[in-house]
Amino acid sequence: MTWRTGAWLLAAAMMTVSGPALAGKIVVSNWDGYMPKDIAAQFKAASGHDVEVAVHATNEEIMGKVTATNGEGFDVLFVSAPFAQVLSKLGIAEKLDHTKLPNLKNLYAEAAQLKHDPGNMFSVPYAWGTTGLCYRSDLTAEPTSWNDLLAPKDDIKGKITMLATDRWLLAAGMLAKGYSVNETDTKKLEDVKTILIEAKKGLLAYDDTTFYSKLVSGEAVMVQAWDGWCNYGITEKPEIKYVVPKEGSDLWADTMVIVASSLNKDVAYAFINFILEANNGKWVAENILYKVPNKAAMDALDAGLKAKYPNLAMTPADLTKFEQLVDVGDSQKDYARIVSEIQNAK
């Protein structure tokens, strides 16, 4: 997730955008590689309108830009659900007119009831999934609990990675303890910190971007992973498997929002509606290897793809049993502090 926070960062130059938008042209900011490279040309052919695609590496990066300028210079933003909530609270995210988004009909019913935005009032879900354990089935037994990661057996110590981003690093400890993945109780957060400082002793690294490569090479045998990124490893090494531990997962969602100050809202609506077409959602599932909340897209997937990547076959009903990551308000400062203390602990 999705980041999300750097999950899809590739080696590409950053585009910068400033000044008022040109008439009929929109600026869309997304993670690199999260849409077809020719999406601008596709949309131009379909609508006659121009799109400039800007790239952000993390949620935090684009939030820094748009909160400093009230969104000026941008029209559509791809951000993870908790950040969409913040944009709405700040008045930067447009309240959506569903009559301008007829392709919302392509979404699963569950996608309109996500906790961060019931009814899709200010955001449209783009991709969603779980976080679990990705492991080498030929080198270690199937893990069943988050404690298999946090308190590993001696033979796999030093061959484990965890995600560095605060929401997911802390979620591993929260789930192991049976706490909410949006926990704000300070005592419980300190409990989680203690667990994760101890878990650090068994780690090879904190890693948000190359963990699946470590699995492929055998340098790591078990990693905390987003489901789609585990699929990248499966592509290269079929012995790699993915499992959601018995204590469960978070539910993450990446979303699209329209900037309230956009000078070209009708084009922004047309762009999101275009993205909601079945073939565009299908591209995401086939190329990014993440589940999408677009039923029409998922129904069009080849059955062989779901057989090769079993986590793609998880149903929305099963997916939404997990607690969704949402904005934790001022407690985000505690999250950032605790993660810094964990990572700097000796």
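In case you missed it, the structure is sitting above this.
Residues numbered from 1 in each chain as written. Predicted model: local features only at pLDDT ≥ 70, side-chain atom pairs only at ≥ 80, totals over all residues. Heavy atoms only, no water.

Colleague: Sorry, what's going on with the pairing of strand β4 (residues 124–136) here?
Modeller: As a general feature of sheets, a regular strand has side chains that alternate between the two faces. Taking burial as the measure, the 13 residues of β4 include 13 buried ones, the bulk of the element. Across 6 bridges, β4 lies against strand β9 (residues 250–258) in antiparallel orientation. From the neighbouring strand, T130 faces β9, where its bridge partner is L251. Both β4 and strand β7 (residues 222–226) contribute to a ladder of 5 bridges, which runs antiparallel. Among the inter-strand pairings, G132 is bridged to a residue of β7, identified as A225. Where β4 meets strand β8 (residues 240–243), 4 bridges bridge the pair, whose relative direction is antiparallel. (Buried < 20%, exposed > 50% of the residue type's maximum accessible area, 1.4 Å probe, protein only. Helix = DSSP H or I, 4+ residues; strand = E, 2+ residues; numbered from the N terminus. Pairing = 2+ DSSP bridges.)

Colleague: Can you walk me through the pattern of salt bridges in this structure?
Modeller: A full pass over the atoms with the stated rule returns 20 salt bridges. Ionic pairing is found between K193 and E341, a salt bridge with its closest N-O pair at 2.8 Å. Within this pair, whereas K193 is found in helix α6 (residues 186–199), its partner E341 is found in helix α14 (residues 331–344), the two being separated by 148 residues in sequence. (Salt bridge = Lys/Arg side-chain N within 4 Å of Asp/Glu carboxyl O.)

Colleague: Explain empty space enclosed by the protein here, please?
Modeller: Rolled over the atoms, a probe with the dimensions of a water molecule shows which regions are left empty. Under the counting rule described, the total for this entry stands at 2 cavities of 30 Å³ or more. Computed from the structure, the largest cavity encloses a volume of approximately 70 Å³. Lining the largest cavity, in full, are L107, P125, Y126, M256, I275, L276, N280, G281, V284, V292, P293 and N294. Residue assignment for the lining of the largest cavity shows that the elements contributing at least two residues are β4 and α10 (278–287). At 3 residues, α10 tops the list of elements feeding residues into the lining of the largest cavity. The class makeup of the residues in the lining of the largest cavity is 9 nonpolar, 3 polar and no charged. There is about 30 Å³ of room inside the second largest cavity. (1 Å grid on protein atoms, 1.4 Å probe; cavity = no way out; pocket = protein on both sides within 12 Å on 5 of 7 lines; lining within 4 Å. Points joined across faces, edges and corners; volume = space filled by probe spheres on them. Nonpolar A, V, L, I, M, F, W, Y, C, P; charged D, E, K, R; others polar.)

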